[in-house]
Amino acid sequence: MDFKQLVGKLETLDFEKLYQDDFFLTWDKSREELDAIFTVADALRALRENNKSAKIFDSGLGISIFRDNSTRTRFSFASACNMLGLEVQDLEEKKSQIAHGETLMETANMVSFMADIIGIRDDMYIGKGHAYQKEFAESVQMGYDEGILEQRPTVVSLQCDIDHPTQMMADSLHFAHYFDGMENLKGKKIALTWAYSPSYGKPLSVPQGGIGLWTRLGMDVVLAYPEGYEVMDEVVEVAKKNVEECGGSFTITNSMEEACKDADIVYAKSWAPFAAMEERTELYGNGDFEGIDALEERLLEQNAKHKDWTVTEELMKTTKNGKALYGHPLPADITGVSCKEGEVDASVFDRYRKELYQQASFKPYIIAAMIFLQKVKNPKEKLEELWSDADKRLNDK
């Protein structure tokens, strides 16, 4: 598909509500709105591949707020902002007045005077991350409504306690390219399975984001985990509703082998039990650090009972024709490399390393597409203008 055909797809989609809107959960958006983001992400990538500038801003800030450690998402957000012409400024809470009692409302307005986009990652505490993002967005809306802010910055979730929208959409676009089209994901079986990790407390937002999005795409989604590693009931209900509306299927099993049998994609990732994450949130809220240490020790012991939940060469042979695509949001716990025993055997990871890195490469474009559609009123016209008239990104002559 050439560039003109690619952006022409936008004429068939209804996505006007994305303009001047925020992005929190994939299931809050229509399927056509998601398709518009996938399309613009591909268009922006085509611009860069053809050495064409995608700058739509000549000034402005992208504010990043990371309340958890990050490599891929942090640099993807910075890359997306830079690609579009924004400078990135990190809000480091320890260097701010937040520790001195500054309210969230005040923080949100103080950092937003010349901001166009605010990306927030807050994924560690159940019932907190999504609520923080929503309150932040409401605070900047208030600032805009009262005339404090000349323009209202858009808020994008870079991961919360419920969903990881930029990750799951990037992964989906990778799958679509691998299988030659988003429409070809319909009916594909994906084993979204828990895997053993020697660490604890990994967020639930990846498995929840997966079942919340991939059921929208008509895939046959199998969520697998040992007993006791359940995810949020409310997101399970979202997945079941998606199946009714979009086709495909959604099942839950306590067998990794059952999930991976004849699968087209194996996506194995460790996460903490929902009940344990709730308990940890309460312990942190009470400042009970001895309780947190005891919880960590208990969870590590619980994890250690399931070391057989790992992606091996033997397990991959049971997938469809023994050739399933292996996926992971990274970084993976690789047996014999990053840990003694982990989520995946080194030989499997090495065999799919190129695909895994390609998978990660879609995230900057997904984030850039979200920003683009939230800020550009006529994206098709603007993309065609960039293709025809934009300066070379790199002038190498």
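Structure's up top.
Parameters at a glance
Residues numbered from 1 in each chain as written. Predicted model: local features only at pLDDT ≥ 70, side-chain atom pairs only at ≥ 80, totals over all residues. Heavy atoms only, no water. Buried < 20%, exposed > 50% of the residue type's maximum accessible area, 1.4 Å probe, protein only. Helix = DSSP H or I, 4+ residues; strand = E, 2+ residues; numbered from the N terminus. Pairing = 2+ DSSP bridges. Axes fitted to C-alpha atoms, helices over the stretch in contact; angles between N-to-C directions. 1 Å grid on protein atoms, 1.4 Å probe; cavity = no way out; pocket = protein on both sides within 12 Å on 5 of 7 lines; lining within 4 Å. Points joined across faces, edges and corners; volume = space filled by probe spheres on them. Nonpolar A, V, L, I, M, F, W, Y, C, P; charged D, E, K, R; others polar. Patch = residues over 30% accessible without salt bridge, like charges linked within 9 Å, V, L, I, M, F, W, Y side chains within 5 Å. Areas by Shrake-Rupley, 256 points an atom, 1.4 Å probe, with all protein chains shown as cover. Salt bridge = Lys/Arg side-chain N within 4 Å of Asp/Glu carboxyl O. Parallel < 35°, antiparallel > 145°, perpendicular 65-115°, else oblique. Contact = heavy atoms within 4.5 Å. Lys, Arg positive; Asp, Glu negative; His and termini not counted. Charge placed at Lys NZ, Arg CZ, Asp CG, Glu CD. Phe/Tyr/Trp six-rings, centres within 6.5 Å; stacked < 30°, edge-to-face > 60°. Polar contact = N/O pair within 3.5 Å; in protein donor to acceptor, adjacent residues only side chain to side chain.

Student: Whenever I open this one, the pairing of strand E5 (residues 189-193) confuses me. Can you help?
Tutor: Within a regular strand, the side chains alternate between the two sheet faces. Most of E5 is tucked away, with five of its five residues classed as buried. Neither face of E5 is exposed, since Lys189, Ala191 and Thr193 on one face and Ile190 and Leu192 on the opposite face are all buried. Summarising the sheet, E5 and strand E8 (residues 265-268) pair through four bridges and their orientation is parallel. Looking across to E8, one finds that Thr193 is bridged to Ala268.

Student: Whenever I open this one, the sheet that holds strand E9 (residues 325-327) confuses me. Can you help?
Tutor: Either a parallel or an antiparallel arrangement is found when strands of a sheet pair, and the pairing is made through backbone hydrogen bonds. With respect to topology, five strands assemble into an open sheet ordered E7-E6-E5-E8-E9, the strand pairing being parallel. Lying at the two open borders of the sheet, with one neighbouring strand each, are strand E7 (249-253) and E9. Ignoring strand direction, the axes of neighbouring strands in this sheet form an average angle of 15 degrees.

Student: Which parts of the structure should I look at to understand the layout of surface pockets?
Tutor: In this approach, a probe sized like a water molecule rolls over the atoms, and the result shows the empty space that is left. Looking at the largest pocket, its volume works out to about 620 Å³. Lining the largest pocket are 27 residues, and of these Leu6, Lys9, Asp42, Leu173 and His177 sit closest to its centre. Those elements giving two or more residues to the lining of the largest pocket turn out to be helix H1 (3-8), helix H2 (31-49), helix H6 (165-178) and helix H14 (353-361). Top element by residues in the lining of the largest pocket is H2. It accounts for eight residues. Residues of the lining of the largest pocket, tallied by class, amount to ten nonpolar, seven polar and ten charged. The volume enclosed by the second largest pocket comes to roughly 520 Å³. For the second largest pocket, the lining is made up of 26 residues, of which Asn69, Arg121, Pro203, Leu330 and Pro331 are closest to its centre.

Student: I keep staring at a nonpolar patch on the surface and nothing clicks. Help me out?
Tutor: Where nonpolar side chains cluster on the molecular surface, the patch consists of Met110, Phe113, Met114 and Ile148 and spans about 420 Å² of accessible area. Tracing the sequence through the fold places Ile148 in the loop between helix H5 (129-145) and strand E4 (154-160).

Student: What am I meant to see in the pattern of salt bridges here?
Tutor: Pairs can form between side chains of opposite charge whenever their charged atoms are close. A full pass over the atoms with the stated rule returns 16 salt bridges. In this structure, Glu279 and Arg298 form a salt bridge, with 2.9 Å as the shortest nitrogen-oxygen distance. Highlighted residues: Glu279 in helix H10 (residues 274-285) and Arg298 in helix H11 (residues 289-304), separated in sequence by 19 residues. The class of Glu279 is partly exposed, set by a relative accessible area of 32%.

Student: Would you mind going over unusual backbone geometry with me for this structure?
Tutor: Among all residues except glycine, the phi angle is most often negative; among peptide bonds, the trans geometry is most common. Leu330 connects to Pro331 through a cis peptide bond whose omega is 0 degrees. Structurally, Pro331 is set in the loop between E9 and strand E10 (334-335). One non-glycine residue, Asn51, adopts positive backbone phi at about 60 degrees. Along the polypeptide, Asn51 turns up in the loop between H2 and strand E1 (61-66). Phi is positive for Asp262, close to 60 degrees, though the residue is something other than glycine. For Asp262, the location among the structural elements is in the loop between helix H9 (256-260) and E8.

Student: Can you help me understand the packing of H2 against helix H16 (residues 379-389) in this one?
Tutor: The relative placement of two packed helices comes down to the angle between their axes together with the axis-to-axis distance. Look at H2 against H16: their axes get within 11 Å of each other, and the N-to-C directions meet at 10 degrees. When the axis of H2 is compared with that of H16, the two are roughly parallel. Across the interface between the two elements, Val40, Ala43, Leu44, Ala46 and Leu47 from H2 touch Leu383, Leu386 and Trp387 from H16. The residue makeup of the contact of H2 with H16, split by class, is eight nonpolar, no polar and no charged.

Student: Would you mind going over the sheet that holds strand E2 (residues 87-90) with me for this structure?
Tutor: If you walk across this open sheet you meet the four strands as E2-E1-E3-E4, and the pairing is parallel. Where the open sheet ends on each side, the last strands, each with one partner, are E2 and E4. For this sheet, the mean inter-axis angle between neighbouring strands, taken without regard to orientation, is 20 degrees. Taken together, the six bridges between E1 and strand E3 (residues 115-122) define a ladder with parallel strand orientation. Looking across to E3, one finds that Leu61 is bridged to Ala115.

Student: Mind showing me how you'd approach a negative patch on the surface here?
Tutor: Taken together, the side chains of Asp288, Glu290, Asp293, Glu296, Glu297 and Glu301 make up a negatively charged region of the molecular surface. Tracing the chain through its elements places Glu297 in helix H11.

Student: Please explain the packing of aromatic side chains as it appears in this structure.
Tutor: Two aromatic rings are characterised by how far apart their centres lie and by the angle between their planes. In total, this model carries eleven aromatic pairs according to the counting rule given. Judged by centre distance (5.1 Å) and plane angle (65 degrees), the rings of Tyr125 and Tyr284 are edge-to-face. Of this pair, Tyr125 sits in the loop between E3 and H5 while Tyr284 sits in helix H10, and the two are 159 residues apart along the sequence. Ring geometry for Trp194 and Tyr229: centres 4.6 Å apart, planes at 45 degrees, overall tilted. With Trp194 in the loop between E5 and helix H7 (205-214) and Tyr229 in the loop between strand E6 (220-224) and helix H8 (233-246), the pair connects residues that are 35 residues apart, well separated along the chain.

Student: Help me understand the environment of Ser205 in this model?
Tutor: Secondary-structure assignment places Ser205 in helix H7. Taking C-alpha positions, Ser205 is 4.9 Å from Ile162, a pair spaced 43 residues apart along the chain. Non-local contacts of Ser205, meaning those with residues more than four positions away in its chain, are made with Asp123, Gln159, Cys160, Asp161, Ile162, Asp163 and His164. A polar contact is formed between the side chain of Ser205 and the backbone oxygen of Cys160, at a distance of 3.2 Å.

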